[in-house]
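# Coordinate analysis (summary)
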Amino acid sequence: MPEKSYYLGVDIGTTSTKAVLFDRGGKVKGSEAVFYPLYTPNQLVAEQDPEEIFHAVLNSVKEVIRKSGIPAQALKLVAFSAAMHSLMAVGKDGKLLTQSITWADTRSAKQAKKIKEEKDGHAIYLRTGTPIHAMSPLSKLVWLQEKEPAVFEQTEKFIGIKEYIFHKFFGEYIIDHSLASATGLFNLRNLDWDKGALEVAGVEAGHLSRLVPATHQMAGVKSEYAAFMGIREDVPFVIGASDGVLANLGAGAIEPGVIAVTIGTSGAIRTVSPRPKTDPKGRTFCYALTENQWIVGGPVNNGGIVLRWLRDEFASSEVETAKRLEVDPYDVLTQIASTVNAGSDGLLFHPFLTGERAPLWDANARGSFFGLSIHHQKQHMIRAVLEGIVFNLYTVLLAVEELTGEPLRIQATGGFARSDMWCQLMADVFDKPVTVPESFESPCLGAVVLGMYALGEIKDFSIVSDMIGETRTHHPDAAASKTYRELLPIYIRLSRLLKEEYESIAEFQRKHME
């Protein structure tokens, strides 16, 4: 009997690294997640320890290989997905000069504003596809040069987390076009570092990693790491792409007109375009998958991270109830939310706890409840938080529709897609059917499909439609959708009216944190 083939996808995320083993048909044969902290000593800082993440990669792969018990020769590839926008400085001796500064870090908000207003930031965005914002490595580099000049001068390479991992494995700094296109430093048209952006950042191309396509493969992982993980040294490692574009691929949302909605720690709305496409109003991103497939969409800072805040700060009794019942605390929260009318009886929540990216692109944005009255209770606040997250995604969908047209289909992915209540809420707010694939491992599956394509095992990505398995569809409830049509204009107007007040309160907070 011929030996079966297995494929390993590794997703390096904001809160954990997950390794998922698939067979050739896309069936999950094992998975392992290793979690690590996000260090947030104050509201502006959001950093991670690159070594903690590297060991999470090693251990997640080791455990999934060990538990699966597959023969060493049966593993055909390891392919990678990674979170976008991280930045760290590395010295000439390879020593880390900073931690990994993540997308959620907002210390460079002032620098982003200066780039927008004084450095022709909109033109840079139109060339690079990354909105000018504190999340962007471009803004982070300007901040680092201004605030940490000694570190900036000592730096040999400015890299992201996947580059760090690959350097540990192979001793070379490389970056795929997909993650490069999320730096604000990469020209979408000529697939090279953008000279104007580099000048603003104060760096040269030599300070950055070598550019390679997402299909780039390497073999010969260092022997000590191969032995630890339980894999062959000659297993091909495919560099892969960013978690965002691979979530689209892994969800089967790779045709124009198909929208993928993801809520994990953060969230995003994305669709595929056959060519780079940027927004004259600067609200959306454009990131590379392949030369002929570009992902257009908008990210939000505030997805599952807001629900975690709600759980940790306001739901201690619900958490205890969940422990007694041996169920997930989030299931208890969504059950409580489902007892409240659509629209939370007129209570709105803006979920901007970590500033906001699309569509506001305002690191100063702050969260708020609006419409709170004496009759509102805890369950109203819980539902309003859930609705606020989806309302915000809806505003991103409106921006994407302006560029790519009304969606033909909406695919839901990410941890939230496990919840029927969440998915129904999204269908009601969007007033469109929402389809959920059986497989929730979309970034890892997307990485594997891209890896199979890179190795020539498949001719195109059409195989993914068979690999994601069955789907279920949530149809909008007419009465709930009507309620949301009344509330959404209020929600949208408020975020615009409060722009100056966001800046004032953010400045107050920064002043009192320093």
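Whatever comes next refers back to the structure up there.
Thresholds applied
- Residues numbered from 1 in each chain as written.
- Predicted model: local features only at pLDDT ≥ 70, side-chain atom pairs only at ≥ 80, totals over all residues.
- Heavy atoms only, no water.
- Helix = DSSP H or I, 4+ residues; strand = E, 2+ residues; numbered from the N terminus.
- Buried < 20%, exposed > 50% of the residue type's maximum accessible area, 1.4 Å probe, protein only.
- Contact = heavy atoms within 4.5 Å.
- Salt bridge = Lys/Arg side-chain N within 4 Å of Asp/Glu carboxyl O.
- Pairing = 2+ DSSP bridges.
- Axes fitted to C-alpha atoms, helices over the stretch in contact; angles between N-to-C directions.
- Phe/Tyr/Trp six-rings, centres within 6.5 Å; stacked < 30°, edge-to-face > 60°.
- Lys NZ or Arg CZ within 6 Å of the ring centre and 35° of its normal.
- Expected span 1.5 Å × (residues − 1).
- Polar contact = N/O pair within 3.5 Å; in protein donor to acceptor, adjacent residues only side chain to side chain.
- Parallel < 35°, antiparallel > 145°, perpendicular 65-115°, else oblique.
- Nonpolar A, V, L, I, M, F, W, Y, C, P; charged D, E, K, R; others polar.
- Core = buried A, V, L, I, M, F, W, Y, C linked by side-chain atoms within 4.5 Å.

The next point concerns the overall build of the protein chain. For the protein chain, the count of helices and strands is 19 helices and 23 strands. The buried share of the protein chain, taken over its 514 residues, is 59%. Sequence separation of 24 or more characterises 72% of the internal contacts of the protein chain that already satisfy a separation of 6 or more.

Moving on: the pattern of salt bridges. Throughout the structure, instances matching the rule amount to 23 salt bridges. Where Lys113 meets Glu503, a salt bridge forms, and the shortest distance between an N and an O atom there is 3.0 Å. Within this pair, whereas Lys113 is found in helix 2 (residues 109-118), its partner Glu503 is found in helix 19 (residues 499-513), the two being separated by 390 residues in sequence. For Glu503, a relative accessible area of 36% puts it in the partly exposed group. One salt bridge connects Glu172 with Arg210, and the closest N-O pair in it is separated by 2.7 Å. Here Glu172 is found in the loop between helix 6 (161-170) and strand 9 (174-176), whereas its partner Arg210 is found in strand 12 (residues 210-212), with 38 residues between them in sequence.

To continue, consider the sheet that holds strand 17 (residues 285-290). Here we have seven strands laid out as an open sheet, ordered 17-18-16-15-21-22-23, and mixed in their pairing. Two strands close off the open sheet at either side, each with one partner strand: strand 17 and strand 23 (471-474). Looking at each pair of strands side by side, their axes are set apart by 30 degrees on average, direction ignored. When strand 15 (residues 258-263) meets strand 16 (residues 267-273), the two strands line up antiparallel, connected through four bridges. Residue Ile263 lies in a different strand from strand 16, and its bridge partner there is Gly267.

With that settled, the discussion passes to the packing of aromatic side chains. Taken as a whole and judged by the stated rule, the model has 21 aromatic pairs. Each ring, one from Phe416 and one from Trp422, has its centre 5.9 Å from the other, and the planes form 80 degrees; the classification is edge-to-face. Both residues of the pair, Phe416 and Trp422, count as buried. The structure contains a cluster of three or more aromatic residues connected by ring pairs, namely Phe54, Phe80, Phe166, Phe169, Phe170, Tyr225 and Phe237. Above the plane of the ring of Phe228 lies Lys62, whose end atom (NZ or CZ) is 4.4 Å from the centre.

With that settled, the discussion passes to the pairing of strand 6 (residues 88-91). Neither face of strand 6 is left uncovered, since the one carrying Met88 and Val90 and the one carrying Ala89 and Gly91 both have all their residues buried. Relative to strand 8 (residues 155-159), strand 6 is paired through four bridges, and the arrangement is antiparallel. Residue pairing for strand 8: Val90 is matched across the bridge by Lys157.

A separate point is helix 6. With respect to burial, helix 6 is a largely interior element, nine of its 10 residues being buried. Within helix 6, the full set of buried residues consists of Ile161, Lys162, Glu163, Tyr164, Ile165, Phe166, Lys168, Phe169 and Phe170. The first or second residue beyond helix 6 is Gly171, which carries a positive phi of 75 degrees.

Look at helix 18 (residues 478-497): 30 Å from first C-alpha to last across 20 residues, which is about the 28 Å you get at 1.5 Å a residue. Elements in contact with the buried residues of helix 18: strand 19 (348-350), strand 20 (368-370), helix 14 (378-404), helix 15 (420-430) and helix 19. For helix 18, the N-terminal capping position is held by Asp477, with its side-chain oxygen 3.3 Å away from the main-chain nitrogen of Ala479.

What follows concerns the packing of helix 11 (residues 304-314) against helix 13 (residues 329-337). Interaxial distance between helix 11 and helix 13 falls to 11 Å at its minimum, and their mutual angle equals 90 degrees. Classed by the angle they form, the pair helix 11 and helix 13 counts as roughly perpendicular. Facing Leu307, Arg308, Leu310 and Arg311 of helix 11, the residues of helix 13 in contact are Pro329, Tyr330 and Leu333. Residue classes in the contact of helix 11 with helix 13 are distributed as five nonpolar, no polar and two charged.

Glancing now at the nonpolar core. One recurring pattern in soluble globular proteins is that nonpolar side chains are buried together. Judged by nonpolar contacts, the single largest core of 165 residues is most densely connected at Ile12, Phe169, Phe237 and Phe430. When residues of this core are assigned to their parent elements, the largest contribution, 13 residues, is made by helix 14. Excluding anything up to four places from it in sequence, Phe237 contacts Val78, Phe80, Phe166, Phe169, Phe170, His216, Gln217, Met218, Val221, Met229 and Ile231.

By definition, the strands of a sheet pair up through backbone hydrogen bonds, in either a parallel or an antiparallel sense. Spatially, 3-2-1-5-14-13 is the arrangement adopted by the six strands of the open sheet, whose pairing is mixed. Of all the strands in the sheet, the pair left with one neighbour each is strand 3 (28-35) and strand 13 (217-218). Pairing geometry for strand 13 and strand 14 (residues 237-242), over two bridges, is antiparallel. Residue pairing in the sheet places Gln217 in a bridge with Val238 of strand 14. Strand contacts of helix 6: strand 1 (6-12), strand 5 (75-82), strand 13 and strand 14, with the helix running at about 175 degrees to strand 14, the strand carrying the most contacts.

Bringing the environment of Ser223 into the picture now. Topologically, Ser223 is positioned in helix 9 (residues 223-229). Accessibility expressed as a relative area gives 40% for Ser223, which makes it partly exposed. Between the C-alpha atom of Ser223 and that of Phe169, which follows or precedes it by 54 residues, the distance is 9.1 Å.

Further remarks concern the side chain of Asp279. By the element assignment, Asp279 lies in the loop between strand 16 and strand 17. Engagement of the side chain of Asp279 in a polar contact is seen with the side chain of Arg283, the distance being 2.8 Å. For Asp279, the contacting residues outside a window of four places in its chain are His122, Tyr125, Leu126, Thr284 and Leu403.

Next up on the list: unusual backbone geometry. The omega torsion of the bond from Ala358 to Pro359 falls at -10 degrees, within 30 degrees of zero and hence cis. Considering the arrangement of structural elements, one finds Pro359 in the loop between strand 19 and strand 20. If you check the backbone angles, His85 has positive phi at about 75 degrees while not being a glycine. Mapped onto the elements, His85 comes out in the loop between strand 5 and strand 6.

By themselves, these figures tell us nothing about what the structure is for.
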